[in-house]
Structure formats: structure tokens, C-alpha cells
Amino acid sequence: QVQLVESGGGLVQAGGSLRLSCAASGMPFSILPMGWYRQAPGKQRELVATITRVGTTTYADSVKGRFTISRDNAKNTVYLQMNSLKAEDTAVYYCSTADNWGQGTQVTVSS
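To start, this report covers the structure provided alongside it. Computed from a predicted model, the values in this text were never measured in an experiment. (Residues numbered from 1 in each chain as written. Predicted model: local features only at pLDDT ≥ 70, side-chain atom pairs only at ≥ 80, totals over all residues. Heavy atoms only, no water.)

### Looking at the overall build of the protein
Condition: Secondary structure elements are taken from DSSP: a helix is a run of H or I of four residues or more, a strand is a run of E of two residues or more, and numbering for both begins at the N terminus. We compute the radius of gyration over the C-alpha atoms and compare it with the globule rule, which gives 2.2 Å times the number of residues raised to the power 0.38. With a 1.4 Å probe rolled over the protein chains alone, any residue whose accessible area is under 20% of its type maximum counts as buried; one over 50% counts as exposed, and the rest are partly exposed. Residue contacts follow a heavy-atom distance rule, with two residues in contact if any of their heavy atoms lie within 4.5 Å. For the accessible areas, the method is Shrake-Rupley and the probe is 1.4 Å, while residue cover comes only from the protein chains on display. Positive charges come from Lys and Arg, negative ones from Asp and Glu, while His and the chain ends are left out of the count. Working definition for charges: the position is that of NZ of Lys, CZ of Arg, CG of Asp or CD of Glu.
A count of helical and extended segments in the protein gives zero helices and 11 strands. Over its C-alpha atoms the protein spans a radius of gyration of 13 Å, differing by no more than 12% from the 13 Å that the globule rule assigns to 111 residues. Oriented by its inertia axes, the alpha-carbon framework of the protein measures out at about 40 × 25 × 25 Å. Burial statistics for the protein: of 111 residues in total, 39% are counted as buried. Counted over contacts in the protein with a minimum sequence separation of 6, partners at least 24 positions apart contribute 52%. Entry remark: accessible area of the protein is about 5,900 Å², with carbon and sulfur atoms responsible for 47%. In the protein, 10 positive and 7 negative side-chain charges are present, and the distance between their average locations comes to 4 Å.

Spelled out as C-alpha cells, the structure:
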């Protein structure tokens, strides 16, 4: 029963903030690297951010300085704090590890 469930998406105005959450179950979460991806209509899926089991992070250039990935191993949850949102951040956001993917959560930023 491996499962990743994203939540926290919604509609926000440009310049606003959202925090996405991804709750994991059925896997050894604390030892796995986690990632956030996004896919906008008509665009390729892109890697947004990653975090290792010890908290080392990487970010796509397009979100550096605006997004922060974090994890709470006690809660088996990974987060994506998104600040200073832009219209081009509009996409379905997915969390992933190994071969597992969540169902995605829609983020829409109005300009």
C-alpha cells in the first residue's frame, strides 16, 4: 500500500504564497530522497526541488530564492513552501520518490 498524497494547492494571486504537503505511507520515508515536480499545460514535466534524507536540497533555477523544500520524517511528510508566486508557476505539482508518484495538486496563479 505505497501511497503519496499531495495537498495544499489552490488559486492564488501573483506575489502570494502556498505551502504544498505530501504525505507518504507504505515506504521507508526517512531514508528516501524526495522530490517535487510540476507540469504546466503544453509543457514538459520539470523537476522543481529535491531533498535528501539528511536535508540537503536542490532547486530548479526558476524557483531558487522563492521556493523551499523541507521534510518532517516523524510525520512522513515533505513540504514545498512557495513564495512570490508568478503566473508561470501555474501547474500540477507532484511529489515523488523512487518509482512512486502522487496524484498531483493543482496550483493556479492569477496575474
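Read on, since the account is not over.
### Section: the state of the cysteines
To keep it simple, the criterion reads: Pairs of cysteine sulfur atoms within 2.5 Å are what we label disulfides.
Under the criterion given, the structure shown has one disulfide. The disulfide partner of C22 is C95, and the S-S distance across this bridge is 1.8 Å. Judged by the torsion about the S-S bond (45 degrees), the C22/C95 disulfide is right-handed. Placement of C22 in strand β3 (residues 18-25) and of C95 in strand β9 (residues 91-97) is noted, with a sequence separation of 73 residues between them.

### Side note on the pattern of salt bridges
Selection criterion: Here, a salt bridge means any side-chain nitrogen of Lys or Arg that lies within 4 Å of a carboxyl oxygen of Asp or Glu.
If you walk through the whole model with that rule in mind, you get four salt bridges. Its salt-bridge partner being R38, residue E46 comes within 2.6 Å of it at the nearest N-O pair. On the basis of relative accessibility, which here comes to 32%, the residue E46 falls in the partly exposed class. The class of R38 is buried, set by a relative accessible area of 5%. A salt bridge links D61 to K64; the nearest nitrogen and oxygen atoms lie 3.1 Å apart. Taking the relative accessible area as the measure of exposure, D61 reaches 65% and is therefore exposed. Through salt bridges with shared partners, a single ionic network connects R38, E46, R66 and D89.

### Digging into the packing of aromatic side chains
Condition: Here the aromatic set is Phe, Tyr and Trp, taking the six-membered ring for Trp, and pairing holds for ring centres within 6.5 Å; pairs whose planes are under 30 degrees apart are stacked, those over 60 apart are edge-to-face, and all others are tilted. We call a charge positioned above a ring when the Lys NZ or Arg CZ atom is no farther than 6 Å from the ring centre and deviates by at most 35 degrees from the ring normal.
Throughout the structure, instances matching the rule amount to one aromatic pair. Ring centres of Y37 and W101 lie 4.8 Å apart, and the angle between their planes is 55 degrees; on these two criteria the pair is classed as tilted. One end of the pair, Y37, is in strand β4 (residues 34-39); the other, W101, is in strand β10 (residues 100-101), and 64 residues separate them in sequence. Classification of W101 as partly exposed rests on a relative accessible area of 33%. The ring of Y37 is capped by R45, whose NZ or CZ atom sits 5.1 Å from the centre of that ring. When the ring centre of F29 is taken as origin, the NZ or CZ atom of R71, which lies over that ring, is 4.5 Å away.

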